[in-house]
Amino acid sequence: MSGFRSQKWDPWLIISQIIAVQALYYFGLGLWLFLIGSTFQQKPTLDYLFSYKILQLSSWNERLLTSVFLLNALTSGFGIVSIVGRYKQCLDFSLTIHFYHFIICWMYNNQHPNIFSWYVIQFLSIVIMTIFSEHFSKKNELRNIPLSSRADL
């Protein structure tokens, strides 16, 4: 049986896609932090990526950082579309990205995130990333297959 993804279980493909999507997530987050932070003369640190204490929504800077996470959800959704490209796997990869982000934040802070706004932002990011990637993956999968100008019936 040959064809597109004829092999059902390919762990190396899945692992490489997870690594690629996770790297793209952090690259996009770092790029957005650099662009928006340099606009407001803020020096980016790893705390902006991994510290949950920054996402408390009590000041203007923290709200701006929240928008960076939500903008990155769009960027990462595009990454899922381009790297994975399968409609049914968008939610899986969105949850996987945020699961690993949760683990990394836990290790970085030496405790699990205990601020409710961090969980709300991550949930909204999952929703935005999933909807965006599913929409464009479905649109990509449902494109017409081009045929030659003359079809032999």
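Preceding this paragraph is the structure being described.
In this text, all values refer to a predicted model and were calculated from it rather than measured experimentally. (Residues numbered from 1 in each chain as written. Predicted model: local features only at pLDDT ≥ 70, side-chain atom pairs only at ≥ 80, totals over all residues. Heavy atoms only, no water.)

**Q** Whenever I open this one, the side chain of Ser 125 confuses me. Can you help?
**A** Looking at the element boundaries, Ser 125 is found in helix α5 (residues 116-141). Classification of Ser 125 by relative accessible area gives buried; the value is 1%. Here His 98 takes part through its side chain, which lies 3.0 Å from a polar atom of the side chain of Ser 125. Not counting residues up to four positions away in its chain, the partners in contact with Ser 125 are Phe 69, Leu 70, Ala 73 and His 98. (Helix = DSSP H or I, 4+ residues; strand = E, 2+ residues; numbered from the N terminus. Buried < 20%, exposed > 50% of the residue type's maximum accessible area, 1.4 Å probe, protein only. Polar contact = N/O pair within 3.5 Å; in protein donor to acceptor, adjacent residues only side chain to side chain. Contact = heavy atoms within 4.5 Å.)

**Q** For this particular structure, what's the right way to read the packing of aromatic side chains?
**A** Two aromatic rings are characterised by how far apart their centres lie and by the angle between their planes. A complete count under the given rule lists nine aromatic pairs for this structure. Each ring, one from Phe 102 and one from Trp 106, has its centre 5.5 Å from the other, and the planes form 65°; the classification is edge-to-face. With Phe 102 and Trp 106 both in helix α4 (residues 90-109), this residue pair falls four residues apart, about one helical turn. With a centroid separation of 6.5 Å and an interplanar angle of 45°, the aromatic rings of Phe 102 and Tyr 119 are classed as tilted. Residue Phe 102 is located in helix α4, and its partner Tyr 119 is located in helix α5; the two are separated by 17 residues in the primary sequence. (Phe/Tyr/Trp six-rings, centres within 6.5 Å; stacked < 30°, edge-to-face > 60°.)

**Q** Where do I start with the environment of Ile 126 in this structure?
**A** With respect to the helices and strands, Ile 126 occurs in helix α5. Residues Ile 126 and Thr 96, spaced 30 residues apart in sequence, show a C-alpha to C-alpha distance of 9.8 Å. If we ignore the near neighbours within four places in the chain, the residues touching Ile 126 are Ser 94, Leu 95 and His 98.

**Q** Got a minute to help me understand a nonpolar patch on the surface in this structure?
**A** A cluster of nonpolar side chains, contributed by Phe 116, Val 120, Phe 123, Leu 124, Val 127 and Ile 131, occupies part of the molecular surface with about 580 Å² of accessible area. Tracing the backbone through its elements, the reader meets Leu 124 in helix α5. Here Leu 124 falls in the partly exposed class, since its relative accessible area comes to 38%. (Patch = residues over 30% accessible without salt bridge, like charges linked within 9 Å, V, L, I, M, F, W, Y side chains within 5 Å. Areas by Shrake-Rupley, 256 points an atom, 1.4 Å probe, with all protein chains shown as cover. Salt bridge = Lys/Arg side-chain N within 4 Å of Asp/Glu carboxyl O.)

**Q** Just checking my understanding: could you explain unusual backbone geometry for this structure?
**A** When glycine is set aside, most residues are seen to have a negative phi, and most peptide bonds are trans. Even without glycine at this site, Asn 110 takes up a positive phi of about 60°. Tracing the sequence through the fold places Asn 110 in the loop between α4 and α5. Accessibility expressed as a relative area gives 69% for Asn 110, which makes it exposed.

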